[in-house]
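One letter stands for each residue in the lines below.
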Amino acid sequence: MKVIFEKSVPGRRGVRPARQEGCPPPQIGPRLLRDRPAELPELSELDVVRHFTELSRRNFGVDSGFYPLGSCTMKYNPKMAEQIAAYAGFSSLHPLLPQLPGGEMLVQGALAVLHEMDLALREICGMAAFTLQPLAGAHGELTGAMIIAAYHNHRGNRKTTILIPDSAHGTNPASAAIAGYQVQVIPSDADGHMDVEALRAALSDHVAGLMLTNPNTLGLFDPHIRQISDLVHGVDGLMYYDGANLNPLLGRCRPGDMGFDIVHVNLHKTFATPHGGGGPGAGPVGVCEKLVKYLPISLVGEGQDGSYFLDYGRPKSIGYIAPFYGNFSVILRAYAYILTLGREGLRRVAENATLNANYVMENLRPYYDLPYGSICKHECVFSARRQAKRGVRALDIAKALIDRGFHPPTVYFPLTVPEAMMIEPTETESKETLDAFIEAMIEIARLAETRPEDITRCPTTTVVGRLDETRAARQPDLASLK
Amino acid sequence: MPYIANTPEQQEAMLRQIGRSLEELFSDVPPDLRCPALNIPPGLTEQEVRNRLASMAARNKADLISFLGGGFYDHFIPAAVPALVSRSEFYTAYTPYQPETSQGILQAIYEYQSTICRLTDMEVANASLYDGGTALYEAIMMALRITGRPRVVVDDTVSPIYREMIRTYTSNLGIELVETPSRNGLPDREELRKHLNDRTAAVAVQNPNFFGCLDEFSDLSDLAHRCGALLIVSCYPISLGLVKTPGSMGADIVVGEGQSLGIPLGFGGPYLGFMATRREYVRKMPGRIVGRTVDGKGQQGFVLTLQTREQHIRRQKATSNICTNEGLCALTALVYLSLLGKQGLVELAKTCAEKASYAGQRLLKIPGVRMRFPKRYYFNEFVLELPVAADRIIHRLLEERFAAGFPLVRYYPGMEKSLLVAVTEKRTKEEINLFAHVLEVSL
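Residues numbered from 1 in each chain as written. Chains lettered and ligands numbered in written order. Predicted model: local features only at pLDDT ≥ 70, side-chain atom pairs only at ≥ 80, totals over all residues.

A closer look at the overall build of chain B
What counts here: Runs of H or I in DSSP of at least four residues are treated as helices and runs of E of at least two as strands, each being numbered from the N terminus.
Looking only at helices and strands, chain B has 14 helices and 15 strands in total. Its C-alpha atoms give chain B principal-axis dimensions of roughly 85 × 55 × 50 Å.

Right under this line is the structure:
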C-alpha cells in the first residue's frame, strides 16, 4: 500500500479552513516566515477517508478479535465511554480555565469527576490519596520514584538504590534510573516468586525502596508479600506497587493492605480505557498517608461549601509532572466504567479474569511447558521450549495464531522464562472464544511435532509476511522526506 | 454483569472442568489480605451513567467565546478527523508488537513521523511523547546524553508550565538548570551568552514564545554550536504553516505540543508531544520509532525499530522510561494535517494570523490599552497591557461569556496588567468586535 505522500496530486484540496472574513494581512517580518510550504499531501477528503479506512483494515484491535496480550489487559472498551468523552461540556473545556480568577467555578463538573475518581481509586487500592496526573503507567512509575526521593531527602536519608525483581517490566528499572537511582535486581526463587532470602541479603541502609508487581509477570500472587513489605520498611525503604496486574485483585485484595506505600494504576488496562494503538493511557499514583504531602501540584480539594478547587499551595510537593490534571478524557472513561460496574461488578471482574486465565492454563498444560504455578491470577506464562526443540519457537507460534484469527500473547517476556508466551485472556472474553483459542493452540502444538514447517512459515494470511527487522535497524528509513 | 460474557452456568462448568472452586483460585491470597466489600456504590445502567455524566458535563462552562491560549488552542476540528480516528481497529489496538497484524497503525506512525519532519524541516521524528512539556524535558535529557555536559539554559519565554515541569524532573539529578530573563518579549542574547560555554549541553527556546512573540534563532544556533551545545526549539505546529521552521534556523531538537492538530482541548489531555531531530542523533532519541522495511517477498512493510534504545531491552540503561507513545493522538494529528493538505495549512495559519492581527488593531483602539511588546511580531497571540489589573477584567468578562485571555501575573510577577490574548480561526470578526466592545466598557 502506498504511503499517503505518494497519493498526492498537485492542487487537489481536502477540507477548507475557516474564512478570513476580510481581515487585513498580518504584518510579520519576512525573515520570520517560512520560505516554502510544508510538503503535506494534496488530497480530497474522500482520498484521505479511503486511505485511513484502508489502514484501519490492516490493523487488529480488541474489537477485531481475541487479544490475549499478557500484562496488557486487553479487555473490551465500552462504547459508552467514547460517547461520554465526546460530551462538549468536557471535550471543549480549556485546561487553563480554572487558573483564571474565579475560574474554578467554571469547571465544577470536571473537578467533581477528578475528585470522585480519586475517592474510588483510594477505596479500590487502599491508599490515602491519588494524583491523577501521570500520563501513562511508566510516567506513574517515574512520579512514584520521585516521591520516594522526596521522602528520603526530607528525612535526610542517604539512599542510592531501588530493588527490582528480575521478572519486572522493563519500565521499572528505567523509571528508577531516570529518577536518579541505581537498580539492584533481586532474583526469583524456584516457585517464580521473589527470593526472600536474596531480598534479605540485598537490604541495607542504602535501599530507598522496592518496586514490585503483585501478582507478578508470571501471573503469580506472592504469598510472602507482607513479610517482604516488613523487611523493606525495616530499613526505612518504601514499597512501590506497579499496578499493571491489578485486574485480578479488584474488590478482593488491596495493595495498601499488602503494605505498599505507593501504587500506580493503569487506567487503560484495569479500567477498560482504549489502548489507542499504543496510547494515550493514564497512570494515576496513590500514596499512603505519610506521603500525601509529596504528591504533585495540583490536587483537587473540596471546600466547605461542597465546591471543588485546585490546591497549588503544597510546599513539600515534588512539583509539576504534567501540564494540567492528567489525561482527563481517559480518566473520564475509567470513571464511567467504575460507575457502571460498581462494587459487585469490580469483584466479578477479578473473579472472571482469574477464572478465564486458569481455564486457559489448565487446558493447555498438557501441550506446552508450564514452568511455574499451580494456580495463576490474570495471566499464565507458558514456555515453548518443548516446541523449540522441533524448530518451532514462541515467535512462530505467535505468527501461527495470527493466521488463525487471534492476536498472539506477549512473547519472550518475562525474561525469566525461555521462549515465554504470556497469555492474559481478561474477563470480557467468553468460554466459546477461549475454547477456540485453546483449540488453535493445541493444533499448533500438534503441528509443531508433525509438520513444523507449517508453523515456521506463518503468517500467510496477512497483508505482509515477516518483515526484515535487521534491515530496518541497520538501514533506517524513518521518514519520507521531500 | 456488565462486560462479563460468561453466564454463572458457564463459570460453574469451567470451574468443574479444571477441577477448582473459585475460592481455590484465590487461595494464594493470605486470608488476612482479603478485603471486605468495597465502599463503592452498586453499578449503574448505561442510561444512568450517561445521564449522570451529562449532568456533570453541564456543570462546566464550555460555551465561552474564548481568547484563551497559552499553548493550548481552540481550533476547528473537521468531522472527518473523529470519524476516522474512532475506527475501532485503531483505538482498541495496542502497541504494534506484531507488525504483520498492525500495519495500519505502523504505517500511520511512519506517515506521522514524516509529516512532523516536513513541518519542522527536520530529518527524523519519533512516534510521539505524552505532551509538549514532557517532550521538552525529554529533549533536554537527550541533549545531556549527546553532549555529556551538565548545564541546560532555558529562556523564560518558554512556557512557564513547562519550566515548572522541567524543574521537577531535573531537581534530583545534579543537572544545572539555568533560567534566563527575557528582554522586551524575546530571549535576551546577552543573558544567554553568559551561560554558554563548554559546560552547556543545550539552550531551549520557544517560537512563538509564551508571550506570542516571533523570533529568529539562527544567531542562537550559531552561538550554541560554536561552544558545542545544542539548540532545542519548542514550537506551535499550526504556526508552521506560515512561520520559519526550526530546522531552517539550525535547531538540533524540535519539540512541541500537538494538541492544535485536531485534538480537543479536553481539559488538559490526552495531548501529543512531538519530537524531531537530526539523523545523527536518532540513536539518542527517546520513544518509539517506526521504520520502513520489506518482507521476504520484497513487499514494503513497517516495524518498530531501533528498539535497543528502549526500556524493554535496555531496562535501567534505556534512553528513557517511556513505553507507550500517544498513538491515537499522533494518528489524529496525521489525519488532520492530511485533510488540510499543503495549501490548507498555509491558509489556516494565515487566517489565524489575520484574525489575530485584526483583533490586535481593534483592541488597540480602546483608550488606555496598548501592546506590551509593540516592537514584536506575533502569530496569533499577543500581550495586551491594560490600564487596570488583568484579573479584574477577566473576571468581569467571564460574566459576559468571554474568556478574555490569560493573566500573565500568574507566572510572571510584576505583569499584573498584562493579558495574553489568543485568536484562532474559530473566532469571527463579529465576536472580535463584540469582545473589544465589552472590554472597552469594562475598563
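A short note on the packing of helix H13 (residues 390-399) of chain B against helix H14 (residues 429-442) of chain B
Residues and elements named next belong to chain B. Let me state the cut-off plainly: Axis definition: a line fit to C-alpha positions, over the contact stretch in the case of helices; interaxial angles, taken between N-to-C directions, run 0 to 180 degrees. An angle counts as roughly parallel when it lies under 35 degrees, as roughly antiparallel when it exceeds 145, as roughly perpendicular when it falls between 65 and 115, and as oblique in every other case. If you view the pair so one helix is near and one far, a crossing is left-handed when the near helix is turned anticlockwise from the far one by less than a right angle, and right-handed when it is turned clockwise. This entry defines residue contacts through backbone-placed C-beta atoms, with two residues in contact when those atoms are within 7 Å.
One way to put it is that H13 packs onto H14 with a least axis distance of 10 Å and a crossing angle of 125°. Viewed along their axes, H13 and H14 adopt a mutual orientation that is oblique. Every pair of crossing elements has a handedness; the one defined by H13 and H14 is right-handed. Within the contact between the two elements, H13 uses Ile393, Arg396 and Leu397 and H14 uses Val438, Leu439 and Ser442.

Quick notes on the interface of chain A and chain B
The line we're drawing: For this classification, Asp, Glu, Lys and Arg are treated as charged, while Ala, Val, Leu, Ile, Met, Phe, Trp, Tyr, Cys and Pro are nonpolar and the rest, including Gly, are polar.
Contact residues are listed per partner, giving 174 residues for chain A and 172 residues for chain B. By residue number, the principal contributor to the side of chain A that touches chain B is helix H11 (residues 328-364) of chain A, which donates 20 residues. Here the residues of the side of chain A that touches chain B are counted per class, giving 96 nonpolar, 47 polar and 31 charged.

What about the nonpolar core?
What counts here: Nonpolar cores are built from buried Ala, Val, Leu, Ile, Met, Phe, Trp, Tyr and Cys residues. These are joined into a set through C-beta atoms within 7 Å. Whether a residue is buried, exposed or partly exposed follows from its count of other C-beta atoms within 10 Å of its own C-beta, namely 20 or more, 12 or fewer, or something in between, respectively; the C-beta atoms are built from the backbone.
Membership of the largest hydrophobic core comes to 313 residues, with the highest contact counts inside it found for Ile262 and Ile331 of chain A together with Ile140, Ala143, Val203 and Ile232 of chain B. The element that contributes the greatest number of residues to this core is helix H12 (residues 327-364) of chain B, accounting for 21 residues.

Comments concerning helix H7 (residues 132-147) of chain B
Going by this rule: In this scheme, a helix's expected span is set at 1.5 Å multiplied by one less than its residue total.
Helix length check: H7 of chain B (16 residues) gives 22 Å between terminal C-alpha atoms against 22 Å at 1.5 Å per residue, within 8%. Two residues or fewer past H7 of chain B, Gly148 of chain B is found with a positive phi of approximately 65°.

Some thoughts on the sheet that holds strand E7 (residues 285-287) of chain A
In sheet architecture, strand pairing relies on hydrogen bonds along the backbone and comes in two forms, parallel and antiparallel. All names here are of chain A. The condition that has to hold: At least two DSSP bridges between two strands are needed for those strands to be called paired.
Within the open sheet, the seven strands sit side by side as E1-E7-E6-E5-E4-E2-E3. Their pairing is mixed. Since the sheet does not close on itself, it has two edges, and those belong to strand E1 (129-131) and strand E3 (182-186), each with one partner. Across the sheet, the mean angle separating the axes of adjacent strands is 25° when strand polarity is ignored. Here strand E2 (residues 161-165) pairs with E3 via five bridges, running parallel. Across the sheet, the residue bridging to Ile164 is Val185, located in E3. Here helix H4 (residues 108-125) sits on the sheet in contact with E1, strand E6 (262-265) and E7, set at roughly 125° to E1. Most of the contacts of helix H5 (residues 137-155) go to E6, to which it runs at about 165°, and overall it touches E2, strand E4 (207-212), strand E5 (238-243), E6 and E7.

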